Every structure is written in structure tokens, then in C-alpha cells.
Amino acid sequence: MRITPEGRLTGVSQCPSPNQDARPDPQDISLLVVHGISLPPGRFGGPHVRELFCNALDPAAHPFFAEICELRVSAHLFIRRDGRMIQFVPFSRRAWHAGQSVFDGRERCNDFSVGIELEGRDDCRYTGSQYRQLSRVTRLLLRVYPGITPERIAGHSDIAPGRKTDPGPHFDWHRFHAALAGSRA
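What comes next is a walk through the structure. Because the structure is a prediction, the values reported are computed rather than measured. (Residues numbered from 1 in each chain as written. Predicted model: local features only at pLDDT ≥ 70, side-chain atom pairs only at ≥ 80, totals over all residues. Heavy atoms only, no water.)

Relative to the elements of secondary structure, leucine 141 occurs in helix 3 (residues 128-144). According to the relative accessible area criterion, leucine 141 is buried, its value standing at 0%. Not counting the four nearest positions on each side in its chain, leucine 141 is found in contact with Ile3, Leu32, Phe91, Val114, Ile116 and Ile148. (Helix = DSSP H or I, 4+ residues; strand = E, 2+ residues; numbered from the N terminus. Buried < 20%, exposed > 50% of the residue type's maximum accessible area, 1.4 Å probe, protein only. Contact = heavy atoms within 4.5 Å.)

In C-alpha cells, the structure reads:
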């Protein structure tokens, strides 16, 4: 697995989202944001995250979908519970994942960040497969985008406190950082 000059991750499924645009400064990729998502809430598997990120979510398929079907959101990468990955936006482009956000005093985190969604929810643990894939991809990102450092990795809740809670208290930051340092996840 590698990252192409266009910002695509080789060896993973590609599903281009329309919810992306050019970064204001393509050289300024300096933050990784970890998210958690499940659709419908609390359910795993299925096509609904892909549908949300591709503006194809059927509002009649679940009552919650009527509330969110008009959202125009995306992430660079989605990691399912079994470790399978889907890339929606090349890392070189701006994905619409952070919303109103601030990191280290700087607003509009979408401008300078990479967003990775883990299939999960705040009240359950993430899987070993997800930690392995997240660590693997993060090590690549650290090499290709030197502005991203271990200190510049945050949860969605860190950049949008009070508005977002993901990846939640069950995301094991120690395990993730240990894996980045070379330990087994």
C-alpha cells in the first residue's frame, strides 16, 4: 500500500465523493482527524456511510436518514470493522469532514487536515483490524505529509468540543500511538 502523487491510497476501494474541493494551500496538510460513524446509528455493515458520502442516502430507508440526507459531507477514508477500507477523497484534496472546528488556534480544519472515519460509535470498542489499518495508513501519511506528526493527530471531539463526541471514550489512543511507534496493535 502506498499513496500516489495524486493522494490516492493504492490497494483500497475507491468511491469518489462529490463532497470535496481544492485545498486553499495544497502543501499545508498538517493534521489527522479520527472520526467514528455508524449508519443507522449503532448499526454496522451495509452501504449507508458510502451513500451518505456520495449524496445517495435514501431518506425513507430509516427515520434518522430523513434528518441527515441533505448533508454534504465526506471523509478521505472509511475503515470498516473488519478492516476493509474505502477512499472517498484523495488526501491531496479537501474533504468535508470536520465542520466548524479549531485545532491549535486555527479554524477551518478541513483546509489542512485528513479525515479518517472508523465504523463505530462512542459506546463500543473499535476492532483490532481497525487499529491495524489506521496505524498502517497513519504511518504512510506521516511519511508523505511531514506536517502531520503524532502530536497533530486529534479526535473529532478535540477539534469540535461540545459539538462532536467521536471517536468516543472507547477509542484507545494509547494503543493507537503505541502502534505508530512500532508496537503491535
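So, on to the sheet that holds strand 5 (residues 85-87). Spatial ordering of the open sheet is given by 1-5-4-9-3-10, a layout of 6 strands whose pairing is mixed. Each end of this open sheet is capped by a strand with a single partner; those strands are strand 1 (13-14) and strand 10 (153-155). As judged from the 3 bridges shared by strand 3 (residues 31-37) and strand 10, these two strands associate in the parallel manner. The residue bridging valine 34 from the neighbouring strand is glycine 155, located in strand 10. On top of the sheet, helix 3 reaches strand 3, strand 4 (77-79), strand 5, strand 9 (113-119) and strand 10; it is set at about 170° to strand 9, its chief contact. Helix 5 (residues 173-180) contacts strand 3 and strand 10 of the sheet and is inclined by roughly 160° relative to strand 10. (Pairing = 2+ DSSP bridges. Axes fitted to C-alpha atoms, helices over the stretch in contact; angles between N-to-C directions.)

Between two packed helices, both the angle of their axes relative to each other and the distance between the axes serve to describe the pair. Where helix 3 contacts helix 5, the two axes come as close as 9 Å, and the packing angle between them is 45°. Here helix 3 is positioned oblique relative to helix 5, judged by the angle of their axes. Classified by chirality, the crossing of helix 5 by helix 3 is right-handed. Residue-level inspection shows Gly128, Tyr131, Leu134, Ser135, Thr138 and Arg139 of helix 3 in contact with helix 5, the latter providing Arg175, Phe176, Ala179 and Leu180. Residues belonging to the contact of helix 3 with helix 5 are distributed by class as follows: 5 nonpolar, 3 polar and 2 charged. (Parallel < 35°, antiparallel > 145°, perpendicular 65-115°, else oblique. Left-handed = near helix turned anticlockwise from the far one by under 90°. Nonpolar A, V, L, I, M, F, W, Y, C, P; charged D, E, K, R; others polar.)

Given a rise of 1.5 Å per residue, 17 residues ought to cover 24 Å, and the 24 Å separating the end C-alpha atoms of helix 3 matches this to within 8%. Here helix 3 has its buried residues at Gly128, Gln130, Tyr131, Gln133, Leu134, Ser135, Val137, Thr138, Leu140 and Leu141. The inward-facing, buried residues of helix 3 contact strand 3, strand 4, strand 5, strand 9, strand 10 and helix 5. (Expected span 1.5 Å × (residues − 1).)

Taken as a whole and judged by the stated rule, the model has 0 disulfides. Between cysteine 15, a cysteine without a disulfide, and cysteine 54, which holds the nearest cysteine sulfur, the sulfur-to-sulfur distance is 3.5 Å. On the accessibility criterion, cysteine 15 (16% relative accessible area) is buried. (Disulfide = S-S within 2.5 Å.)

When we look at a pair of aromatic rings, we describe it by the centre distance and by the angle of the planes. Within this structure, the stated rule accounts for 6 aromatic pairs. Here the aromatic rings of phenylalanine 53 and phenylalanine 88 are separated by 5.1 Å at their centres, their planes lie at 85°, and the arrangement is edge-to-face. Of the two residues, phenylalanine 53 is situated in helix 1 (residues 48-53) and phenylalanine 88 in the loop between strand 5 and strand 6 (94-95); the sequence distance between them amounts to 35 residues. Assessed through its relative accessible area of 1%, phenylalanine 88 is described here as buried. Look at phenylalanine 171 and phenylalanine 176: their rings are 5.9 Å apart centre to centre, the planes differ by 65°, and that puts the pair in the edge-to-face class. For the residue pair phenylalanine 171 and phenylalanine 176, the accessibility class agrees, reading buried in each case. (Phe/Tyr/Trp six-rings, centres within 6.5 Å; stacked < 30°, edge-to-face > 60°.)

Bear in mind that shape data such as this cannot, by itself, settle questions of function.
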